[in-house]
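Next come the chains, spelled out residue by residue.
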Amino acid sequence: MPQWNIIQAVNDALRIEMKRDPRVVLLGEDIGKFGGVFRATAGLYEEFGETRVIDTPLAEGGIIGAAIGMAMYGLKPVPEIQFSDFIFPAFDQIVNELGKLRYRSGGQYSAPLVIRTPVGGGIKGGHYHSQSPEALFIHAGGLQVVCPSNPVDAKGLLLSAIRGEDPVLFLEPKRVYRAAKGEVPEGDYTIPIGEAKVVREGKGMTVLAYGAMLHEAEAACAESPDLDAELIDLRTLWPLDLETVTRSVQKTGRCAIVHEAPRSCGFGAEIAALVQERCFYHLEAPILRIAGWDTPFPYTLENDYLPLAPRIRKGLGELRGRRP
Amino acid sequence: MRTAKSIEGAPPRVAPELLLRLYREMLRLRTLDERMMTLQRQGRVGFYGACTGQEASTIASAAALEPGDWIFPALREGGAMLLRGFPLVPYLCQIFGNAGDETKGRQMPSHMASKSVNQVSWSSCIGSQLPQAVGAAMAARIKGDKTVVAAYMGDGATSSADFHVAMNFAGVFKPPVVFVCQNNHWAISIPTQKQTASESIAVKAVAYGFEGIKVDGNDAEAVYGAVKAAVDRARAGQGPTLVECETYRIGAHSSSDDPTRYRDEREVEIWRKRDPIEAFRTRLVAAGLWTEAKDEELREKLAGEVNEAIAEAEKKPDPPRETLFEDVYSSPPWFLREEREEMLAVPKARRPGAAQ
């Protein structure tokens, strides 16, 4: 099995599905001859040609709007938004159109497409190349939101996403785009959407994370084995695998949520609400959120902004000490 | 810039059967709109957006399409569905938002859609259907189909970002799309001259690298001719066209609007004299294709059909409550299943505006 990074895994998934299903088309800025600014579509233009790997004008609303029309017509578009910070010109198309099309047409029309976009900080990108907008799109409704942390999951989840019947926002954590490596199985396999994964078992507390911060949480848990933390990689953010989460929290009695998006109204807030509704009598401490600050994403001080391992370790230590 | 306009008194270029069909459909739409505005005032319908004054633009443009072609409509193209063979009763059920509505009462009135006639579902957000229409046309070409996509909008939509994005994509990719702008002079209260400083809507196409045509939108034959030519070009792989149909919104923007607050009634009077249906009938009679007696008979027949259909549609109940949670996703995730049970545990809420 090849040792691949997330970009290679994404590229492989796209190639596999484009070979398998002639309805799959890619569109976005600089994805064709150039192969994408992160190289995720490298080689696909040469292999599948300009009708299936489409370099578009620079307009995110056009990329998503056109992809919606293509999907309605029966293609399986996988549009790329170059950075998730650039997704907002397409916000109306995603929120009012894509997420509501099946509903408003009484199930007559749908647009099962997959929006791939790099997400999060860690590449010295300032606040226009670093944001984590997942909560906005979960709140919008009608979308599945996926955020793998490693290449094996990235490939299997992307194949599931493209084969699914619902629109998917596929968030690729760019801090670990190349850093997270894994033994990626060759050929076709899928990982179901909606299933979290317990990556470290424990009885002391439940730690929930996803994307790039999964690796920070993993480091924090490994550095403090006395915490006996159970670490869960959510993988699919929406619909959340609440069963895996609640089973763990009912066992451990403590819960921390880690994400790099700002804390207020972040996805952690929703998880905290769901966990307390279902695990209130099992909880031995208040649910802890370890998140990005409620500031715009900074350039120079990005490692002070992100909830990296030292901050997570401190938070988890306090969570263990807390009594209700 | 090319303009297309039929000449008064010239022999019809369109086959007489088609002319008569267009006239009947336009008159049916007028009849329907008048009845529905009355029902709205009586509180039997929540909202309505009439096409009055614009029937030639809506009906004649849609008539230039083949049944397999797709329509991405805006507010005033609902009537095109009827022309394309969609039955009147389920059409009215959309307006009533009841169980007979194919779209399950999910949207406000005048937001009808049906896959059976390739007229897609649209949102109230102005212009957002335009890039989608371009994408559908790109898909048709990728799949090797001969489908043409018609993308409708009003003059107001031409200010939206999505309009420019769609026009630009269309210019670059040259898919089989025909943009049809019904310039009715008013976007709610904003007149066209405050919407754009361009000399016309049609001229905007030039900047995007394709042809724009301005046509008398109250002349059914001219509209048909211009749109048909554009559709034929698109189908032949010769790329997009923007057709501006200059027409006029005789009535209010919608049942929620009062145009006397911003519009000079004298302007409306001028356009009333250019009523597309009146002008059409005069021409048909002059050409010996139609008579006043036949007209009288048709009006009676249409009124009867519309009233019968209303009576049937209005009888239908609300959509079942549990349908509220259908179609958000292809199948409902756990949170929607939970919410459905929560809703069903309380008695049905009275419907706002519904008869007691």
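Residues numbered from 1 in each chain as written. Chains lettered and ligands numbered in written order. Predicted model: local features only at pLDDT ≥ 70, side-chain atom pairs only at ≥ 80, totals over all residues.

## With respect to the overall build of chain B
Counting its regular elements, chain B contains 13 helices and eight strands. The C-alpha atoms of chain B give a radius of gyration of 21 Å, which matches the 21 Å a tight globule of 356 residues would have. Taking all 356 residues of chain B together, 48% fall into the buried category. Looking at chain B alone, contacts between residues at least 24 apart form 75% of all its contacts between residues at least 6 apart. (Helix = DSSP H or I, 4+ residues; strand = E, 2+ residues; numbered from the N terminus. Rg over C-alpha atoms; globule rule 2.2 N^0.38 Å. Buried ≥ 20, exposed ≤ 12 C-beta atoms within 10 Å, placed from the backbone. Contact = placed C-beta atoms within 7 Å.)

## Quick notes on the overall build of chain A
Regarding its fold elements, chain A presents twelve helices and 14 strands. For 324 residues, the compact-globule estimate of 2.2 N^0.38 gives 20 Å, and chain A sits close to it at 19 Å. Taken along its principal axes, the extent of the C-alpha atoms in chain A is 60 × 45 × 35 Å. Relative to its 324 residues, chain A shows a buried fraction of 60%. Once local pairs closer than 6 in sequence are excluded, the contacts in chain A between residues at least 24 apart make up 80%.

## Observations regarding the interface of chain A and chain B
Opposite the 35 residues of chain A that make contact, chain B presents 39 residues. Within the residue set of the side of chain A that touches chain B, elements represented by two or more residues are α3 (60-73), α4 (91-98) and α5 (101-104) of chain A. Looking at the side of chain A that touches chain B, the element that brings in the most residues is α3(A), giving ten residues.

## Brief notes about unusual backbone geometry
Residues and elements named next belong to chain A. In this structure, the amide linkage connecting Trp238 to the following residue, Pro239, adopts the cis form with an omega of 0°. We note that Asp228 has phi near 50°; this positive angle belongs to a residue other than glycine. If you trace the backbone, Asp228 turns up in the loop between α8 (212-223) and β11 (229-233).

## Thoughts on the domain arrangement of chain A
All names here are of chain A. According to the domain assignment, chain A consists of domain 1 (3-183) and domain 2 (197-321). Using C-alpha coordinates to define each centre, domain 1 is positioned 26 Å away from domain 2. Facing the 26 residues of domain 1 at the interface are 23 residues of domain 2. Within the residue set of the side of domain 1 that touches domain 2, elements represented by two or more residues are α6 (134-140), β6 (144-146), α7 (151-163) and β7 (168-173). Of the residues contributing to the side of domain 1 that touches domain 2, the split by class is twelve nonpolar, ten polar and four charged. (Domains from an automatic or database assignment. Nonpolar A, V, L, I, M, F, W, Y, C, P; charged D, E, K, R; others polar.)

## Here we look at the domain arrangement of chain B
Residue and element names in this part refer to chain B. Taken as a whole, chain B is organised into domain 1 (2-319) and domain 2 (320-356). The C-alpha-based centres of domain 1 and domain 2 are spaced at 34 Å. The interface of domain 1 with domain 2 comprises five residues on the first partner and four residues on the second. Broken down by class, the residue content of the side of domain 1 that touches domain 2 amounts to one nonpolar, two polar and two charged.

## A few points about α8(A)
Residue and element names in this part refer to chain A. Between its first and last C-alpha atoms α8 spans 18 Å; for twelve residues at 1.5 Å apiece the expected length is 16 Å, and the two agree. In terms of residue burial, α8 counts as a mostly covered element, since nine of its twelve residues are buried. Taken together, the buried positions of α8 are occupied by Ala212, Met213, Leu214, His215, Glu216, Ala217, Glu218, Ala220 and Cys221. (Expected span 1.5 Å × (residues − 1).)

## Brief notes about the pairing of strand β13 (residues 255-262) of chain A
All names here are of chain A. For β13, a buried count of seven out of eight residues is recorded, marking the element as mostly surrounded by other parts of the structure. In the sheet, strand β10 (residues 205-209) pairs with β13 via three bridges, with the strands oriented parallel. When the bridges of β13 are listed, Leu208 appears paired with Ile257. Bridge analysis of β13 against strand β14 (residues 288-292) gives five bridges, and the strand direction is parallel. Looking at the pairing, Pro262 lines up with Gly292 of β14. The β-α-β motif built from β13, the intervening helix α10 (residues 267-279) and the parallel element β14 has right-handed crossover chirality. (Pairing = 2+ DSSP bridges. Right-handed = clockwise from strand over helix to strand, strands pointing away.)

## Looking at the sheet that holds β14(A)
Residues and elements named next belong to chain A. The strand order across the open sheet built from five strands is β9-β11-β10-β13-β14, with neighbouring strands paired in mixed fashion. Both outer strands of the open sheet, β9 (197-200) and β14, are each paired with one neighbouring strand and no more. Mean inter-strand twist for the sheet, computed between neighbouring axes without regard to direction, equals 25°. (Axes fitted to C-alpha atoms, helices over the stretch in contact; angles between N-to-C directions.)

## What to know about α4(A)
Listed in full, the buried residues belonging to α4(A) are Asp92(A), Gln93(A), Ile94(A), Glu97(A) and Leu98(A). Buried positions along α4(A) lie against α3, α5 and α6 of chain A together with α5 (129-143) of chain B.

## With respect to the environment of Val198(A)
Residue and element names in this part refer to chain A. Here Val198 lies in strand β9. Remark: the alpha-carbon pair of Val198 and Arg175, spanning 23 residues in sequence, is separated by 22 Å. When residues no more than four places from it in sequence are discounted, the contact partners of Val198 are Glu230, Ile232 and Thr244.

## Thoughts on the packing of helix α1 (residues 6-20) of chain A against α7(A)
All names here are of chain A. Across the interface, α1 lies against α7 with an axial gap of 8 Å and an inter-helix angle of 30°. Considered as vectors, α1 and α7 are oriented roughly parallel to each other. Seen from above, α1 lies across α7 with right-handed handedness. Residues Ile6, Gln8, Ala9, Val10, Asp12, Ala13, Ile16 and Glu17 of α1 form the contact with α7, whose participating residues are Pro151, Ala154, Lys155, Leu158, Leu159 and Ile162. (Parallel < 35°, antiparallel > 145°, perpendicular 65-115°, else oblique. Left-handed = near helix turned anticlockwise from the far one by under 90°.)

## Considering the environment of Ala9(A)
Relative to the helices and strands, Ala9(A) resides in helix α1. Separated by 177 residues in sequence, Ala9(A) and Glu186(A) have C-alpha atoms that sit 9.7 Å apart.

## Focus on the pairing of strand β3 (residues 149-154) of chain B
Residues and elements named next belong to chain B. Counting buried positions along β3 yields six of six residues, so the element is predominantly enclosed. With three bridges connecting them, strand β2 (residues 70-72) and β3 associate as parallel partners. The partner of Phe72 across the bridge, within β3, is Ala151. Pairing of β3 with strand β4 (residues 177-183), which is carried by six bridges, proceeds in the parallel orientation. By the bridge assignment, Met153 is partnered in β4 with Cys181. Running through helix α6 (residues 161-173), the crossover from β3 to the neighbouring parallel element β4 is right-handed.

## Re the packing of α3(A) against α6(B)
Contact geometry of α3(A) with α6(B) gives a least axis separation of 9 Å together with a crossing angle of 75°. One finds that α3(A) runs roughly perpendicular with respect to α6(B). When α3(A) is examined against α6(B), the residues Gly61(A), Gly62(A), Gly65(A) and Ala66(A) are found in contact with a partner set consisting of Ala161(B), Asp162(B), Val165(B), Ala166(B), Asn168(B) and Phe169(B). Of the residues assigned to the contact of α3(A) with α6(B), the class counts are five nonpolar, four polar and one charged.

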